[in-house]
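Structure at a glance
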Amino acid sequence: MPPSGAPQTGVLSGDRVAAKALEARLLGGERKLRRREVAAGAGVSLLSARKLWRALGFPNFGDEDVAFTERDQAALSTIVELVRAGKLTEEAAISVTRAIGQMTDRMVVWQVEALVEDMVAQQGVSDPVARKMLVNELPALIDSMEEILVYSWRRQLNAGVQRLALRAEAGLQASEEGRDGDEDDSPLPLARAVGFADLVSYTSLSRRMNEKTLAQLVQRFENKCAEIISVGGGRLVKTVGDEVLYIAETPAAGAEISLALARAFTEDEILPEARVSMVWGRILSRLGDIYGPTVNLAARLTALAQPGTVLVDATTASALAQDDRFVLVPQKSENVRGFGEIHPVMLARGRGKGLVVD
């Protein structure tokens, strides 16, 4: 005899029923198809289908696993048709698909954790209980979240086209001043102001904090950075623990963002001060990240900056020299690994109030 109150054999608990209903809604139906059936339905080899599934971040499924729905087959067909129509090469299709998979994976984790955290705070339940409750809460949110996702993607795509295509040549022309064409970053296709902000004493602070307090600190740091960078017209490339990497299209925009970040963390009652750096140069943009000597130099300068200050290199200082919104204070020369002797310059506020985040 099963214990009193236990579900009967073959009968799903309420949680399992809710989870299955949520899965069917999200996946577009019940899992009825095996991987070979999906590949055949899309008219591609299993090898090609597996390449695209790996790019999306799917786990490996065996030949006998009933893991797919008709929506999976439709999505695979959509990608395949782009290649067949000559709109994308197979390599480009895999790269675009990988971008979608990686970005949506991170987005979903972020959203789930935000919802769980809110339920814990507002309803006074434990974290494990909130995670179970989420299965019942999500159905009412799916349509709205999907609508906002598509809306944001279209807005971001438009901004990206403007930034990465239409204004790219103007940025390169603007970066010519003060260069002789022999610089390490000369072959790279985009001119950008690259900045880093690094919280001071984050490691020692994190060791003294419990999980909740640390999570609040990290969230406060990321939110403040995102707001300032957005208001300044820049782009937050990524955050890694206590550090944020951002870019802007002009030296002045990068300088305004950098000064605003340094000021914000100095004035913040909870967060520690930040070391900030910014370098105007050329970069390579791939996989949602940025690469090149400009990025490396900005990272090195961050380590040299004093808490609450912004450092730039001599070339960046030259690009800002005629702008009275900024004050430039040369610092002592430093030998930096990979760059030899460099001439850091401290960036400070000149005329005007700078960025205002309302």
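Below, the discussion takes up the overall build of the protein. Scanning the protein from terminus to terminus reveals 13 helices and 10 strands. For the protein, the spread of C-alpha atoms along the principal axes amounts to about 80 × 55 × 35 Å. Every one of the 358 residues in the protein was classed for burial, and the buried ones make up 34%. Sequence separation of 24 or more characterises 67% of the internal contacts of the protein that already satisfy a separation of 6 or more. Taken as a whole, the protein presents about 21300 Å² of accessible surface, with 53% of it coming from carbon and sulfur.

Estimates place the volume of the second largest pocket at around 890 Å³. Contributing to the lining of the second largest pocket are 23 residues, with Glu 113, Ala 114, Glu 117, Ala 215 and Gln 219 lying nearest its centre. At the level of secondary structure, the elements contributing two or more residues to the lining of the second largest pocket comprise α5 (90-123), α6 (127-137) and α10 (211-231). In terms of residue count, α5 provides more of the lining of the second largest pocket than any other element does, 11 residues in total.

The next thing to look at is the environment of Trp 53. Turning to its location among the elements, Trp 53 is positioned in helix α3 (residues 46-56). When the C-alpha atoms of Trp 53 and Gln 156 are compared, they prove to be 25 Å apart, with 103 residues separating the residues in sequence. Ignoring sequence-local partners within four residues, the contact set of Trp 53 consists of Arg 35, Val 38, Leu 46, Phe 58, Phe 68 and Leu 76.

What follows concerns empty space enclosed by the protein. Under the criterion given, the structure shown has 2 cavities of 30 Å³ or more. Empty space within the largest cavity amounts to approximately 90 Å³. Along its surface, the largest cavity is lined by Arg 35, Arg 50, Trp 53, Arg 54, Phe 58, Pro 59, Asn 60, Phe 61 and Phe 68. The element best represented in the lining of the largest cavity is α3, accounting for 3 residues. Per-class residue counts for the lining of the largest cavity are 5 nonpolar, 1 polar and 3 charged. In this structure, the second largest cavity spans a volume of roughly 30 Å³. Leu 164, Leu 190, Arg 192, Arg 235, Ile 247, Ile 283, Ser 285 and Ile 290 together form the lining of the second largest cavity.

What follows covers helix α4 (residues 70-84). Along an α-helix, residues three or four positions apart point the same way, because every turn accommodates 3.6 residues. The first and last C-alpha atoms of α4 sit 21 Å apart over 15 residues, in line with the 21 Å expected at 1.5 Å per residue. The set of residues buried in α4 consists of Asp 72, Leu 76, Ser 77, Ile 79 and Val 80. Around the axis of α4, the buried residues are gathered within 165° of arc, so they sit on the same side. Among the exposed residues of α4, those pointing more than 90 degrees away from its buried face are Glu 70 and Thr 78. Buried-residue contacts for α4 involve α2 (35-42), α3 and α5. N-capping of α4 is provided by Thr 69, with a side-chain oxygen placed 3.2 Å from the backbone N of Arg 71. Phi turns positive, to about 80°, at Gly 86, one or two residues after α4.

Turning to a nonpolar patch on the surface, a few remarks are in order. Where nonpolar side chains cluster on the molecular surface, the patch consists of Trp 153, Leu 157 and Val 161 and spans about 300 Å² of accessible area. Positionally, Trp 153 belongs in helix α7 (residues 142-166). A relative accessible area of 52% places Trp 153 in the exposed class.

At a closest axis distance of 7 Å, the pairing of α3 and α5 adopts a crossing angle of 35°. Contacts from Ser 48, Lys 51, Leu 52, Ala 55 and Leu 56 of α3 reach α5 at Glu 90, Ala 93, Ile 94, Thr 97, Arg 98 and Gly 101. Residue classes in the contact of α3 with α5 are distributed as 5 nonpolar, 3 polar and 3 charged.

Before going further, it helps to examine the nonpolar core. In this structure, Leu 199, Ile 257, Leu 261, Phe 265 and Leu 347 are the most contacted members of the largest nonpolar core, which totals 36 residues. Of all the elements in the fold, those that place two or more residues in this core are β1 (190-199), α10, β3 (243-248), α11 (251-267), β4 (274-286), β6 (310-312), α13 (314-320) and β10 (345-349). Non-local contacts of Leu 199, meaning those with residues more than four positions away in its chain, are made with Leu 217, Phe 221, Asp 242, Phe 265, Leu 271, Pro 272, Glu 273 and Ala 274.

Residue placement: Ser 48 occurs in helix α3. Considering only alpha carbons, one finds Ser 48 and Leu 199, 151 residues apart in sequence, at a separation of 44 Å.

Turning our eyes to something else, we now look at the pattern of salt bridges. Counted according to the given criterion, the structure contains 16 salt bridges. A salt bridge links Glu 64 to Arg 34, with the shortest nitrogen-to-oxygen separation between them at 3.6 Å. Remark: Arg 34 occurs in the loop between α1 (14-27) and α2 and Glu 64 occurs in the loop between α3 and α4; sequence separation between them is 30 residues. The class for Glu 64 is exposed, based on a relative accessible area of 61%. The exposure class assigned to Arg 34 is partly exposed, which follows from its relative accessible area of 29%. Close ionic contact of Asp 289 with Lys 238 constitutes a salt bridge, the shortest N to O distance being 2.9 Å. Residue Asp 289 is found in strand β5 (residues 289-291), and its partner Lys 238 is found in strand β2 (residues 235-240); the two are separated by 51 residues along the sequence. For Lys 238, a relative accessible area of 35% puts it in the partly exposed group. Among the ionic contacts, a cluster of salt bridges with common partners joins Glu 256, Asp 323, Arg 325 and Arg 349.

Conventions we followed
- All residue numbers here refer to positions counted from 1 along the written sequence of the relevant chain.
- In keeping with the model being predicted, local features are shown solely for residues with a pLDDT of at least 70 and side-chain atom pairs are shown and tallied solely at 80 or more, while totals for entire chains, interfaces and linings include all residues.
- Water and hydrogen atoms play no part in the side-chain values, which are based on all heavy atoms of the structure.
- Strands here are runs of E lasting at least two residues and helices are runs of H or I lasting at least four, both read from the DSSP assignment and numbered beginning at the N terminus.
- Only protein chains enter the area calculation, which uses a 1.4 Å probe; residues under 20% of their type maximum are buried, those over 50% are exposed, and those in between are partly exposed.
- The contact criterion used is simple: two residues touch if any of their non-hydrogen atoms lie within 4.5 Å.
- Only the protein chains shown count as covering a residue, and every accessible area follows the Shrake-Rupley method with a 1.4 Å probe.
- Here a cavity means grid points, on a 1 Å grid over the protein atoms only, where a 1.4 Å probe fits yet cannot get out; a pocket means an open set of points with protein on both sides within 12 Å along at least five of seven lines; lining residues are those with an atom within 4 Å of a point.
- Grid points are joined across faces, edges and corners, and a volume is the space filled by probe spheres set on the points.
- Each residue gets one label: Ala, Val, Leu, Ile, Met, Phe, Trp, Tyr, Cys and Pro are nonpolar, Asp, Glu, Lys and Arg are charged, and the others, such as Gly, are polar.
- To estimate the expected span of a helix, count its residues, drop one, and scale the result by 1.5 Å.
- As used here, the arc belongs to the directions running from the helix axis to the C-beta atoms.
- Residues adjacent in sequence count toward polar contacts only when both atoms are side-chain atoms; beyond that, a polar contact is any pair of N or O atoms within 3.5 Å, and within protein one must be able to donate a hydrogen and the other to accept it.
- Nonpolar side chains (Val, Leu, Ile, Met, Phe, Trp, Tyr) within 5 Å and like charges within 9 Å form the patches, drawn only from residues with over 30% relative accessible area and no salt bridge.
- Salt-bridge detection follows one rule: a side-chain nitrogen of Lys or Arg within 4 Å of a carboxyl oxygen of Asp or Glu.
- For every element, the axis is a line fit to its C-alpha atoms; helices are fit only across the contacting stretch, and the angle between N-to-C directions ranges from 0 to 180 degrees.
- Nonpolar core, defined: a set of buried Ala, Val, Leu, Ile, Met, Phe, Trp, Tyr and Cys residues in which side-chain atoms within 4.5 Å join the residues together.

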